[in-house]
Every structure is written in C-alpha cells, then in structure tokens.
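Report on the structure
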Amino acid sequence: MQPQVIIVFHTNAGHAALDDQTYNVNRHIATGNPYKPIIADLVQKGAQVEICGATAKAMGWGKADLIPGIKINRNAIARLTQLVQQGYVKISES
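Below you will find a few notes about this structure. Quantities reported herein were computed from a predicted structural model and do not represent experimental measurements.

Concerning the overall build of the protein chain
Along the backbone of the protein chain there are 4 helices and 3 strands. Mapped from its N terminus to its C terminus, the protein chain presents α and β elements in the order β-α-α-β-α-β-α. For 94 residues, the compact-globule formula gives about 12 Å, and the C-alpha radius of gyration of the protein chain, at 13 Å, lands near that figure. Counting only C-alpha atoms, the protein chain reaches 40 × 30 × 25 Å along its principal axes. Nonlocal contacts in the protein chain, meaning residues at least 24 apart in sequence, comprise 52% of its contacts between residues at least 6 apart. A total accessible area of about 6,300 Å² is found for the protein chain, and carbon and sulfur atoms account for 57% of it. Of the side chains in the protein chain, 9 bear a positive and 6 a negative charge, and the two mean positions are spaced by 7 Å.

Things to note about the environment of M59
Along the chain, M59 falls in helix 3 (residues 53-59). For the pair formed by M59 and T11, sequence separation is 48 residues and the distance between their alpha carbons is 9.4 Å. Residues contacting M59, with those up to four places away along its chain left out, are H15 and N26.

Regarding the pairing of strand 2 (residues 48-52)
Of all 5 residues that make up strand 2, 4 are buried, and the element is covered over most of its length. One ladder, built from 4 bridges, connects strand 1 (residues 6-9) with strand 2; its direction is parallel. When the bridges of strand 2 are listed, I7 appears paired with V49. Strand direction decides the pairing type here: strand 2 and strand 3 (residues 71-73), joined by 3 bridges, are parallel. The residue bridging E50 from the neighbouring strand is K71, located in strand 3. Where the polypeptide runs from strand 2 across helix 3 and back to strand 3, its parallel neighbour, the crossover connection is right-handed.

Side note on the pattern of salt bridges
The tally for this structure, following the rule as stated, stands at 3 salt bridges. As a salt-bridge pair, D20 and K36 come within 3.4 Å of each other at their nearest N and O atoms. One end of the pair, D20, is in helix 1 (residues 20-27); the other, K36, is in helix 2 (residues 36-44), and 16 residues separate them in sequence.

Digging into the sheet that holds strand 2
Taken in spatial order, the 3 strands make up an open sheet running 1-2-3, and their pairing is parallel. A single partner strand is all that each edge strand has here, and the edge strands are strand 1 and strand 3. When strand polarity is set aside, the average angle formed by the axes of neighbouring strands in this sheet is 35°. Against the sheet, helix 4 (residues 76-85) engages strand 1, strand 2 and strand 3, with an angle of about 155° to strand 1.

The rules behind the values
- Residues numbered from 1 in each chain as written.
- Predicted model: local features only at pLDDT ≥ 70, side-chain atom pairs only at ≥ 80, totals over all residues.
- Heavy atoms only, no water.
- Helix = DSSP H or I, 4+ residues; strand = E, 2+ residues; numbered from the N terminus.
- Rg over C-alpha atoms; globule rule 2.2 N^0.38 Å.
- Contact = heavy atoms within 4.5 Å.
- Areas by Shrake-Rupley, 256 points an atom, 1.4 Å probe, with all protein chains shown as cover.
- Lys, Arg positive; Asp, Glu negative; His and termini not counted.
- Charge placed at Lys NZ, Arg CZ, Asp CG, Glu CD.
- Buried < 20%, exposed > 50% of the residue type's maximum accessible area, 1.4 Å probe, protein only.
- Pairing = 2+ DSSP bridges.
- Right-handed = clockwise from strand over helix to strand, strands pointing away.
- Salt bridge = Lys/Arg side-chain N within 4 Å of Asp/Glu carboxyl O.
- Axes fitted to C-alpha atoms, helices over the stretch in contact; angles between N-to-C directions.

This is the structure:
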C-alpha cells in the first residue's frame, strides 16, 4: 500500500507554494522559487499539496500565483484538524 501524502502550507511557509514570478515579487529576489522543483516533483508523484486559503487571501494570492497542481483550501487549521480526524498523522517542524 502506498502512503497518501497531503502537504498543507500556511502562514510564512505559504511562499513555498508560489510560482517563480510571484515568489520573486513577494521575497524581493530574482532567482525564482527554490522549492518549486521539489514541490512539483511531489505533486507529479501523487502528493496532494494545498495552501491555506486565509493565508492566500491575506497575501493577495490566487490560483494563478501558485505552482501548478496546488489547491487552495479554506483554512489550514480547520483542514489539519479534518485530516487528523480522518486518521492522517500530522508532521510539523515543531
């Protein structure tokens, strides 16, 4: 059985979900999103990648600003709660 992976970005980590142009504007650089190849590979391999809708709204980001294949959910905290209730294991940096 292959595991199902769902990645949910929110707050400052939301930048990782941005396409190169939007990443450059938001991070004040010109090199593009360094996370894009990794995230695109995860999406291609079947991971579901989402960004918090509240984060996206607060930052003024829409679907066109994201790496292709990333979904916008309503709210990361609610989504994470839903996933835990469905039996997913939450892995976070802290």
